[in-house]
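Chain and residue survey
The lines below spell out each chain.
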Amino acid sequence: MSTHVDTFSYDDAIVRKFLWATIIWGLVGFLAGLLIALQLANPIFNFDISWLSFGRLRPLHTNAVIFAFAGNAIFTGAYYSTQRLLKTRMFSDGLSNFHFWGWQAIIVAAAITLPLGFTQAKEYAELEWPIDIAIAVVWVAFAINFFGTIARRRERHIYVAIWFYIASIITVAILHIFNNLSVPAGLFKSYSLYAGVQDAFMQWWYGHNAVAFFLTTPFLGLMYYFMPKAAERPVFSYKLSILHFWTIVFLYIWAGPHHLHYTALPDWASTLGMLFSVMLWMPSWGGMVNGLLTLRGAWHKVTEEPVLKFFVVAITAYGMSTFEGPMLSVKSVNALAHYTDWIIAHVHTGALGWNGLLTFGMVYWLAPRLFQAPLHSKKLAEVHFWIASFGILLYVAAIYSAGITQGLMWRAFDETGRLAYPDFVETVMQLMPMYWVRVVGGTLYIVGACIFAYNIFRTWQARPKTYEVPMVSAPPLPAVYVDEHPAPVPAGAIARFTSAGWHRRWERLPTLFTVMVVVAVVVASLAEIIPTFLIKSNVPTIASVRPYTPLELVGRDLYIREGCFNCHSQMVRPLRHETERFGEYSKPGEFVYDHPFLWGSRRIGPDLARVGGKYPDLWHLRHFEEPTSLVQNSIMPGYRHLVERELDFDGIQARVDAMVMLGVPYGEAVRNAPELARAQANDVGARIVEGGGQAGMETREVVALIAYLQRLGKDIQQAGGVAAAPGATP
Amino acid sequence: MADKSQHEDKLLEHEYDGIREYDNPMPRWWLWTFYATILFVPLYYLLPHPFGEGDGNVAEYEASVAAARAAMPEQVAPTVTDEQLVALQGDRAVLAEGKAVYETNCAACHRADGGGLIGPNLTDDAWIHGGSPTQIHHTIAVGVLAKGMPPWERLLRPEQVNAVTAYVLSLVGTNPPNPKPPEGPAPATGT
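None of these values were measured; they are calculated from a predicted model. (Residues numbered from 1 in each chain as written. Chains lettered and ligands numbered in written order. Predicted model: local features only at pLDDT ≥ 70, side-chain atom pairs only at ≥ 80, totals over all residues. Heavy atoms only, no water.)

**Describing the overall build of chain A**
- Helices and strands together make up the secondary structure of chain A, namely 27 helices and 4 strands.
- Rg of the C-alpha trace for chain A: 27 Å, near the compact-globule value of 27 Å for 730 residues, within the 12% margin.
- In terms of principal-axis extent, the alpha carbons of chain A reach across some 90 × 55 × 55 Å.
- Within chain A, the proportion of its 730 residues that are buried is 64%.
- Across chain A, contacts joining residues at least 24 apart in sequence account for 83% of those joining residues at least 6 apart.
- Chain A carries 55 positive and 51 negative side-chain charges, and their two centres are separated by 10 Å. (Helix = DSSP H or I, 4+ residues; strand = E, 2+ residues; numbered from the N terminus. Rg over C-alpha atoms; globule rule 2.2 N^0.38 Å. Buried < 20%, exposed > 50% of the residue type's maximum accessible area, 1.4 Å probe, protein only. Contact = heavy atoms within 4.5 Å. Lys, Arg positive; Asp, Glu negative; His and termini not counted. Charge placed at Lys NZ, Arg CZ, Asp CG, Glu CD.)

**Here we look at the side chain of Thr322(A)**
Residue and element names in this part refer to chain A.
- Assignment of secondary structure puts Thr322 in helix H11 (residues 306-329).
- Taking the relative accessible area as the measure of exposure, Thr322 reaches 9% and is therefore buried.
- From its side chain, Thr322 meets the backbone oxygen of Tyr318 in a polar contact 2.7 Å long.
- Leaving out residues up to four positions away in the same chain, Thr322 has contacts with Trp281, Ser284 and Trp285. (Polar contact = N/O pair within 3.5 Å; in protein donor to acceptor, adjacent residues only side chain to side chain.)

**Overview of the packing of helix H7 (residues 217-231) of chain A against helix H13 (residues 341-371) of chain A**
All names here are of chain A.
- The contact between H7 and H13 brings their axes to 11 Å, and the two run at 40°. Put simply, H7 runs oblique to H13. As H7 runs across H13, the sense of the crossing is left-handed. Where H7 approaches H13, its residues Phe219, Leu220, Leu222, Met223, Phe226, Lys229 and Ala230 are matched on the opposing element by Trp354, Asn355, Leu358, Thr359, Met362, Trp365 and Leu366.
- Each residue belonging to the contact of H7 with H13 can be placed in one class, and the counts come to 11 nonpolar, 2 polar and 1 charged. (Axes fitted to C-alpha atoms, helices over the stretch in contact; angles between N-to-C directions. Parallel < 35°, antiparallel > 145°, perpendicular 65-115°, else oblique. Left-handed = near helix turned anticlockwise from the far one by under 90°. Nonpolar A, V, L, I, M, F, W, Y, C, P; charged D, E, K, R; others polar.)

**Notes on the confidence of the model for chain B**
All names here are of chain B.
- For chain B, per-residue confidence averages 87 on the pLDDT scale, and residues scoring 70 or more make up 91% of the total.
- This model gives residues 1-7 a pLDDT under 50, and the stretch forms 10 contacts once residues within four places in sequence are excluded.
- Interface predicted TM-score (ipTM) for the complex: 0.93; the corresponding pTM is 0.94. (pLDDT = per-residue confidence, 0-100.)

**Digging into the interface of chain A and chain B**
- Contact with chain A, which involves 69 residues of that partner, is made by 59 residues of chain B.
- Interface of chain A and chain B: buried area, both sides summed, is about 5600 Å²; carbon and sulfur atoms make up 63% of it.
- Taken together, the links from chain A to chain B amount to 6 salt bridges.
- Applying the counting criterion to the chain A and chain B interface returns 20 residue pairs in polar contact (both at pLDDT 80 or more).
- Contributions of two or more residues to the side of chain A that touches chain B are made by helix H2 (54-85), H7, helix H8 (238-252), helix H9 (267-293), helix H18 (501-507), helix H21 (576-582) and helix H22 (617-625) of chain A.
- For the side of chain A that touches chain B, the element with the most residues is H9(A), which contributes 13 residues.
- Of the residues belonging to the side of chain A that touches chain B, the class tally is 36 nonpolar, 15 polar and 18 charged. (Buried area = accessible area lost by both parts, 1.4 Å probe. Salt bridge = Lys/Arg side-chain N within 4 Å of Asp/Glu carboxyl O.)

**Things to note about the pairing of strand S2 (residues 19-22) of chain B**
Residues and elements named next belong to chain B.
- Pairing analysis gives 3 bridges linking strand S1 (residues 11-16) to S2, with the strands arranged antiparallel. Bridged to Leu11 within S2 is Tyr22.
- Hairpin remark: S1 followed by S2, antiparallel, with 2 residues in the connecting loop; positive phi at Asp17, about 45°. (Pairing = 2+ DSSP bridges.)

**Observations regarding the domain arrangement of chain A**
Residue and element names in this part refer to chain A.
- As assigned here, chain A comprises domain 1 (8-462) and domain 2 (550-717).
- Once you take the C-alpha centre of each, domain 1 and domain 2 turn out to be 33 Å apart.
- Between domain 1 and domain 2, the residue contacts involve 61 residues of the former and 56 residues of the latter.
- Together domain 1 and domain 2 conceal approximately 4700 Å² of surface at their shared face, both sides included; 64% is due to carbon and sulfur atoms.
- Per-residue buried area on domain 1 facing domain 2 is highest for Tyr191, Tyr339 and Phe424; these three make up 17% of the total on that side.
- The tally of links from domain 1 across to domain 2 stands at 4 salt bridges.
- Of the charged contacts in the structure, one is a salt bridge between Arg602 and Asp341, with a shortest N-O distance of 3.1 Å.
- Inspection of the region where domain 1 meets domain 2 yields 22 residue pairs in polar contact (both at pLDDT 80 or more).
- When residues in the side of domain 1 that touches domain 2 are grouped by element, the largest group, 6 residues, is from helix H6 (residues 196-215). (Domains from an automatic or database assignment.)

**Observations concerning the packing of H6(A) against helix H19 (residues 510-534) of chain A**
All names here are of chain A.
- Orientation of H6 relative to H19, taken along the N-to-C sense of each, is 170°, at an axis distance of 10 Å. As the angle between them shows, H6 and H19 are arranged roughly antiparallel. When the axes of H6 and H19 are compared, the crossing they make is left-handed. Counting all contacts with H6, which are made through Gln198, Phe201, Met202 and Trp205, the residues of H19 involved are Ser525, Glu528, Ile529, Thr532 and Phe533.

**Points about a nonpolar patch on the surface**
Residues and elements named next belong to chain A.
- Residues Ile177, Phe178, Leu181 and Leu193 make up a contiguous nonpolar surface patch of roughly 320 Å² in combined accessible area.
- Here Leu193 lies in the loop between strand S3 (190-192) and H6.
- In this structure Leu193 comes out as partly exposed when scored by relative accessible area, which is 41%. (Patch = residues over 30% accessible without salt bridge, like charges linked within 9 Å, V, L, I, M, F, W, Y side chains within 5 Å. Areas by Shrake-Rupley, 256 points an atom, 1.4 Å probe, with all protein chains shown as cover.)

Right, here's the structure in full:
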């Protein structure tokens, strides 16, 4: 054994940077959430400003909370713990700082482009292609820095927290790249490489696993470091760590299709999504069990230590939402919950409870160590804990009841066989009291976050003039590994397997470990992706389905720009109450030219899959100008700017050309898209005048959107299409 | 699994930044529940609907539609005559109901006072689809899909359709301000 000892220091300056970014973006993300909650309670809070409308701000809220708040929290904890768990400074301070500033620049770019309406219309993957490329570059820099650190470690084996970081870094990169593949049609405009059913599949493969590998596995990594540190107790079970780690990594990937139950996605995919979600229940709970049981013998500390209080409630929230996830993925439960606020409540149990409280606890633990001063006030941290917990309770209680109420109203029939609540707005009105309670709950959570920020700020103010940089000593890893405590190898294959000696070996071979993670993720992904793309019968062709006209295409892009998909689905499920309410259920073949798909995930307003031809053009015009003039009590904001802005006819050709690159058969529109668009716009304008509306609309953006809406759901009613359901209700 | 007591809280040798781990076995309830969820997979494919997969979403949907039809045979709305509809105008309760139905469903396109907006003026003598009480009743009940007029009988009960017809009849001749110009022929019989 070598007697040589290295002396080195950890880079805590980068941890401090990420910590401040976490706090600042957290406040921004929460406030954006409060604003959109207010907009649902009263549309007056859209302020009649295009870039402040719900459709544009909802993605800003989700992106800010997930990638800015939770993202920076992950980096804070990972940069702190990785160095210590591997007994080495980060591989490169330069890469650390590139990662930090690059990530913040991406967040700023998101905060500017999303309100401007630049979006890919895929949930949590809204950012347009230049920003996507930047994300990939920064993520790769982070990966190089992280794996470089592993390569330089002075600890032979990698600890479970590191396993979770590895899985997160690898999988997020794969998900991000393959879901965002697209063809640009301008600097901030692109069309997804995939269409319709396949695009939906890829999106929820990504979307579900963003929850898994951005909001779950990295936070489990944080939990495995900060929980035993704060509790000063050993982790409950090493074997449980192994089993729940690998089962999470492998099983999670399959579960994405449960976001698409009863849609045009083929049944087999939907079923796999459900079954793997059910199997995920215990692997997820493995994290909860290991976290909570680590506190055995230390529960008395929870009463005195706010950090542990935050951790306990965070892990409990994790347990609740990972029970609820499998439950919601059961098809019959999903039929009720899908498109309602139930899902919103579910994700907020996770985000406010698990991610939020774990982050707060972690920062309270880190602040005195990073700022080298005692926490300003333990009492305020306690106050924060109680306010935040109560706020979460109010929020989710209100929104669970809202979701279940609306789900039940949608499916209710009266004794004459008619829908009991045929007026969609009536079902929205029922939710208003709950929406106000949510506003109160969210406000409490934000008050808590402000107290938190103040507490950390005051702690920082008490810091020493210059931070002390403690030097650490550790021997370098010898070239050859010698097991100093060889465990006896049990006889028998099963005993050898359960003794986990093989896994111990993987832990000292991080390259092998990483390869195994990649294999698990890729095998699970391909098992569903390959059949989705190759089996033709998944998407039976419908002869009458044609590409959108150039005007409809640009109208669709306006629908995307305004974020209409955030409130309106375009997917009638084969459920009797839905076909009664909206018309014939949606067929997979109807979406073959939909780059991207726009099925939506929440019905704040009615489904639009069959809205074509339901109302006259003039109705749509008046409705965009002022929705409440036609639909009393509507909470949709007005879109007067669509009526005022001139449509960019000349820009249409580039859009059509990009679609042609994706294989959409555009025929003569390849050459003269603007002319075709102008001709169709003139027709719409003339119909508006004929109906008694104002002249001059044919040059405005609104005509394109009207043309698109009037097309929706019409193709299968043409000859050669599927026969329409006998008289659906309006 | 090895005997529980033997393994209880035995610390493993390794240590990371002060963090130790126990060699505890996985909790039995946890492991057995996990096995049960795995067993659920073959069971789900074997069991019939509603416990298992069944024939798929579309088949289930079609069965539910057929079941609903069987339970609720097509109701033929009782026919109404011109005289009955005219007589309903004298019933204040019916008119009040008709007004409520009108304000919720019709006012958006025909204006609250019936003067016409996106839909035609209902207060003049001109009727695009016929101006007799039963013709108006028919237009409301069946709709004019090509022009965006929905078939209201699917949403409204027969007595509600009658009531709103009576209310519309009561609007004729009210001369609201700024009406939409008359569309369609005036009835040959005159007023």
